[in-house]
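One-letter residues, chain by chain:
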Amino acid sequence: MSWDKLYENCKLCPRACGVNRLAGQVGFCGQTAELLIARAALHMWEEPCISGSAGSGAVFFNGCSLGCIYCQNYEISGTGMQALREDHGRNVTREHLVTLFLELQEQGAANINLVTATQFLPHIVWAIPKAREAGLTIPIVYNTSGYETAAQLRQLTGLVDCYLPDFKYMNGDIARQYSKAADYPQQVKEALAEMVGQTGPAVFDEKGMLQKGVIVRHLVLPGQKEQAKEIIRYLHETYGDQIWLSILNQYTPMPAVQGDPVLKRKLTTYEYEQVIAYALELGVEQAYRQEGNAAAESFIPSFHGEGVE
């Protein structure tokens, strides 16, 4: 099939806008069918088994189908239905995307980390096999908000080695308030089941680097420790040792949330430690936690086309 046809009546994400992106229309993600990349460089701030000592080859794609009001990558994610051009991305061909993958491998990247790539899925499905044919041997990591459709994820079967999804919300009302996506809980559950079905349990190499499997991230939000506990319980009871968890404390208040009485503050140490203690009580063993004050601007890279040209 012609993968580009998927842009004509776009339903790549659960919002299913149905716009013709080939004709220059934009959906909620803010993108046309022109591939826009904000950064392609070694990234040191992922989980230890993703970044390691060499760094993850992170390719940040412009736009996002979720649009969280607290997004730390707001410069490139946008707020929905707005094409993002400005100075935070570069238009590239899919052939150049293949070149970027190979260049990151030459730089010593532990993997190719596709960050928020769903809105460009047809490009991804085309580029990965071409890169493999050209000599790409490192794992492909699909780094996503979790707001995916299982049907579209099936297009990645055999192409993606590792999935790195968020599991943001168990409550649809909160998902609507913070991300305009009341259906998020159901969508992420179905997406995660597809991801685990594709990869199976995690596989690490002799250096402890992830070669295959799923790591589910949960960013603990201020005032939402009970929801965090509910998510961790669901993941542990549903998947047990089939997945790894990554419980994050790096929430950073962005300009868009300064008017929100809860989101305008950082997560407290007490809130985070309560969530960690709960995970331990449940018997969660395969998990990462963040130490110290991780809520810092160092986790937010610059987005001006670094490494793309």
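Residues numbered from 1 in each chain as written. Predicted model: local features only at pLDDT ≥ 70, side-chain atom pairs only at ≥ 80, totals over all residues. Heavy atoms only, no water.

1. Here we look at the environment of leucine 267
Argument step 1. Locating leucine 267 in the fold gives a position in the loop between strand 9 (244–248) and helix 9 (269–282).
Argument step 2. Judged by relative accessible area, leucine 267 falls into the buried class, the value being 13%.
Argument step 3. Residues leucine 267 and proline 222 lie 45 residues apart in sequence; the distance between their C-alpha atoms is 4.7 Å.
Argument step 4. For leucine 267, the residues in contact, after removing those within four places along its chain, are Val220, Leu221, Pro222, Asn249, Tyr251 and Tyr272. (Helix = DSSP H or I, 4+ residues; strand = E, 2+ residues; numbered from the N terminus. Buried < 20%, exposed > 50% of the residue type's maximum accessible area, 1.4 Å probe, protein only. Contact = heavy atoms within 4.5 Å.)

2. Let's talk about unusual backbone geometry
Argument step 1. A positive phi angle, close to 55°, is found at threonine 116, a residue other than glycine.
Argument step 2. Following the sequence through the fold, threonine 116 ends up in the loop between strand 4 (112–115) and helix 4 (121–133).
Argument step 3. Of note, lysine 180 is a non-glycine position whose phi angle comes to about 55°, a positive value.
Argument step 4. Summarising the element assignment, lysine 180 is placed in the loop between helix 6 (172–179) and helix 7 (184–199).

3. Some details on the pattern of salt bridges
Argument step 1. Under the defined criterion, the tally for this structure stands at 13 salt bridges.
Argument step 2. Residue arginine 132 is joined to aspartate 161 by a salt bridge in which the shortest nitrogen-to-oxygen separation is 3.0 Å. Pair noted here: arginine 132 is in helix 4 and aspartate 161 is in the loop between helix 5 (150–153) and strand 6 (162–165), with a separation of 29 residues, a long-range link.
Argument step 3. For arginine 132, a relative accessible area of 29% gives the class partly exposed.
Argument step 4. Relative accessible area serves as the criterion here: at 22%, aspartate 161 is assigned to the partly exposed category.
Argument step 5. Glutamate 226 serves as the salt-bridge partner of lysine 229, at 3.4 Å between the closest nitrogen and oxygen. Taken as a pair, lysine 229 and glutamate 226 lie in helix 8 (residues 225–239) at a separation of three residues, close to a single helical turn.
Argument step 6. A network of salt bridges, in which partner residues are shared, links Glu46, Glu47 and Arg217. (Salt bridge = Lys/Arg side-chain N within 4 Å of Asp/Glu carboxyl O.)

4. What about the packing of helix 3 (residues 94–106) against helix 4?
Argument step 1. Closest axis-to-axis distance for the helix 3/helix 4 pair is 9 Å, and the angle between their directions is 50°. Taken together, the axes of helix 3 and helix 4 lie oblique to each other. Seen along the crossing, helix 3 lies across helix 4 with a hand that is right-handed. Contacts between helix 3 and helix 4 pair Arg94, Glu95, Leu97, Val98, Phe101 and Leu102 from the former with His123, Ile124, Trp126, Ala127, Ile128, Lys130 and Ala131 from the latter.
Argument step 2. For the contact of helix 3 with helix 4, the class distribution of residues is nine nonpolar, one polar and three charged. (Axes fitted to C-alpha atoms, helices over the stretch in contact; angles between N-to-C directions. Parallel < 35°, antiparallel > 145°, perpendicular 65-115°, else oblique. Left-handed = near helix turned anticlockwise from the far one by under 90°. Nonpolar A, V, L, I, M, F, W, Y, C, P; charged D, E, K, R; others polar.)

5. A look at the confidence of the model for the protein
Caution applies to low-pLDDT parts of the model: their predicted coordinates are not meant to be read in detail.
Argument step 1. Summing up the model confidence of the protein, the mean pLDDT is 92 and the portion of residues at 70 or higher is 92%.
Argument step 2. Here residues 79–85 is a poorly scored stretch, pLDDT under 50, and it has 24 contacts once near neighbours within four places are set aside; other chains count. (pLDDT = per-residue confidence, 0-100.)

6. Thoughts on the nonpolar core
Argument step 1. Core analysis: the biggest nonpolar cluster contains 80 residues, and Phe61, Phe101 and Leu114 have the highest contact counts within it.
Argument step 2. Counting residues per element, this core draws most heavily on helix 4, which supplies seven residues.
Argument step 3. Beyond its immediate sequence surroundings of up to four residues, leucine 114 is in contact with Val59, Phe61, Phe101, Ile124, Ile128, Ile140, Val141, Tyr142 and Asn143.
Argument step 4. Counting residues in each nonpolar core, the second largest holds nine residues, with Cys162, Leu164, Leu210 and Tyr288 among its members. (Core = buried A, V, L, I, M, F, W, Y, C linked by side-chain atoms within 4.5 Å.)

7. Details of the pairing of strand 5 (residues 140–144)
Argument step 1. Among the five residues of strand 5, five are classified as buried, and the element is accordingly described as predominantly covered.
Argument step 2. Burial of strand 5 is two-sided: the residues Ile140, Tyr142 and Thr144 facing one way and the residues Val141 and Asn143 facing the other way are all buried.
Argument step 3. Alignment of strand 4 against strand 5, held across four bridges, turns out to be parallel. Bridge pairing in strand 5 places valine 115 opposite asparagine 143.
Argument step 4. You can see the chain leave strand 4, run along helix 4 and come back into strand 5, and the turn it takes is right-handed. (Pairing = 2+ DSSP bridges. Right-handed = clockwise from strand over helix to strand, strands pointing away.)

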